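Coordinate analysis (summary)
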Amino acid sequence: MMTMKRKVALITGITGQDGAYLAQLLLKKNYKVYGTCRRSTSEKFTSLKHLNIDKKISYCDFDLLEFSNILETIDKINPTEIYNLAAQSFVPTSFNVPIVTTDINSLGALRILEAIRISKKNIKFYQASTSEMFGKVTQIPQTEKTPFYPRSPYGVAKLYSHWITINYRESYGIHASSGILFNHESPLRGREFVTKKVTSTLARIKKGSNEVLEVGNVLAKRDWGFAGDYVDAMYRMLQQKNPDDYVIATGKTHSVKEFIDLSLKYLKIQYKWAGKGLNTRVIDINSKKTIVSINKSFFRPAEVDLLIGNPMKARRNLKWKPRTKLKELVKIMLDHDLEYS
Ligand code: NDP
Ligand code: GDP
């Protein structure tokens, strides 16, 4: 009888949102899962604990800035698949620390690809690319063929790792795929991102907190999906015979303002929008209090105004499609935040 060798996955950035959901998926598929993490003085296993998988993962002390450590990790654990999810992933921070962001987000991917090449092992590689590479969009909706025009050091750095992934595929025949993922959210999303900021703050306000939700450009539009759906696309990419690049998106776009509307409606807060420009605000009709206001400091030096992806290629080749609609995503996030925020 033929025995199937157990697949071994190395997930960089396992303490992040996607790392947690991907680990959950791969564990269900009986993978041996290794996750990388950096030493920290603060608790970082919250997401993995929340999914109750923190004890099922083997951890490696790992930093994308350290080449020898990447090489040694690969040598030691012999992964069959590497998912490079680690990144400095917050756009505003990339304006404040552009050089470190570039080292992690650009050279980090190159270091792994070099380690794979040098090791001569048969390892499949997934790179976490992003719709931020489309930036000031030149086509609507965006596909794998849309020209890139990044608008932040984050987007520029991710564009490098996208192309170096393609280059190593074409130069050395490495099974390296790049997933151009549009924004995806969940209860495990970092609190600085707009969706989680909105749901966690409004949930607290609903429970009686006196705070005001301060946001930036509410006119920006994003194609928001659910992270749990999107990690499945990453897995599918690495199961294909041939590596390739894929847009992963819902094909729908909504403004930040609409996201706030959906959240307020789900929370059954009676409200109205008032004012214009920087004076735009949301007033709670019952308490007469301002519960949402605009703060200039949350605007960016260069903005990405509109993102909307066309995931047809993924649908055709990977048989992948998004399952969770925005309204459902808002409900999932708010139900969680009403309990935990
Ligand atoms: P998170 O910010 O939640 O997680 C990022 C992870 O990267 C954390 O585990 C972090 O670890 C780790 N990390 C940061 N710097 C380093 C480093 N120098 N060495 C090793 N690990 C490091 O991101 P998400 O889970 O939301 O996103 C996953 C990937 O997908 C990222 O690359 C992101 O840029 C990309 N992406 C995300 C999208 C989204 O909408 N979520 C959209 C498109 C792309 P630590 O805890 O130590 O800081
Ligand atoms: P991004 O698309 O990866 O930058 O994800 P974010 O969730 O950080 O931002 C999405 C959009 O929301 C951007 O166009 C931001 O300018 C806009 N936005 C408006 N207000 C805020 C805010 O208070 N925080 C964040 N993070 N974004 C905001």
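This report concerns the structure included in the present document. These numbers come from a predicted model, not from an experiment.

On to helix α9 (residues 256-266). Because an α-helix completes one turn every 3.6 residues, residues spaced three or four positions apart along the sequence face the same direction. Among the residues of α9, Val256, Phe259, Ile260, Asp261, Ser263 and Leu264 are the ones counted as buried. Just downstream of α9, Lys268 is the residue with a positive phi angle, here 55°.

The strand order β3-β2-β1-β4-β5-β6-β11 describes an open sheet built from seven strands, whose pairing is parallel. Edge positions in the sheet fall to β3 (58-61) and β11 (245-248), since each of these pairs with one other strand and no more. The average angle at which neighbouring strand axes cross in this sheet is 20°, direction not considered. Of the pairings in the sheet, the one linking strand β4 (residues 81-84) to strand β5 (residues 124-130) comprises four bridges and is parallel in character. Counterpart to Asn84 in the pairing with β5 is Gln127.

Overall, the coordinates contain 10 aromatic pairs when judged by the stated rule. With a centroid separation of 5.8 Å and an interplanar angle of 70°, the aromatic rings of Tyr21 and Phe226 are classed as edge-to-face. Residue Tyr21 is located in helix α1 (residues 17-28), and its partner Phe226 is located in strand β10 (residues 225-226); the two are separated by 205 residues in the primary sequence. This pair shows no difference in class: Tyr21 is buried, exactly as Phe226 is. Geometrically, the ring pair formed by Tyr83 and Tyr126 is tilted, given 6.1 Å between the ring centres and 40° between the ring planes. Note that Tyr83 is positioned in strand β4 and Tyr126 in strand β5, a separation of 43 residues in sequence. Note on accessibility: Tyr83 and Tyr126 belong to one class, buried. By way of ring pairs, the aromatic residues Phe134, Phe148 and Phe182 are connected into one cluster. Of note, Arg189 hangs over the ring of Phe193, and the distance from its end group to the ring centre comes to 3.7 Å. It is Lys257 that lies over the ring of Trp273; its NZ or CZ is 4.6 Å from the centre.

Thresholds, definitions, all that
- Residues numbered from 1 in each chain as written.
- Chains lettered and ligands numbered in written order.
- Predicted model: local features only at pLDDT ≥ 70, side-chain atom pairs only at ≥ 80, totals over all residues.
- Heavy atoms only, no water.
- Buried < 20%, exposed > 50% of the residue type's maximum accessible area, 1.4 Å probe, protein only.
- Helix = DSSP H or I, 4+ residues; strand = E, 2+ residues; numbered from the N terminus.
- Pairing = 2+ DSSP bridges.
- Axes fitted to C-alpha atoms, helices over the stretch in contact; angles between N-to-C directions.
- Phe/Tyr/Trp six-rings, centres within 6.5 Å; stacked < 30°, edge-to-face > 60°.
- Lys NZ or Arg CZ within 6 Å of the ring centre and 35° of its normal.

These figures capture arrangement, not role.
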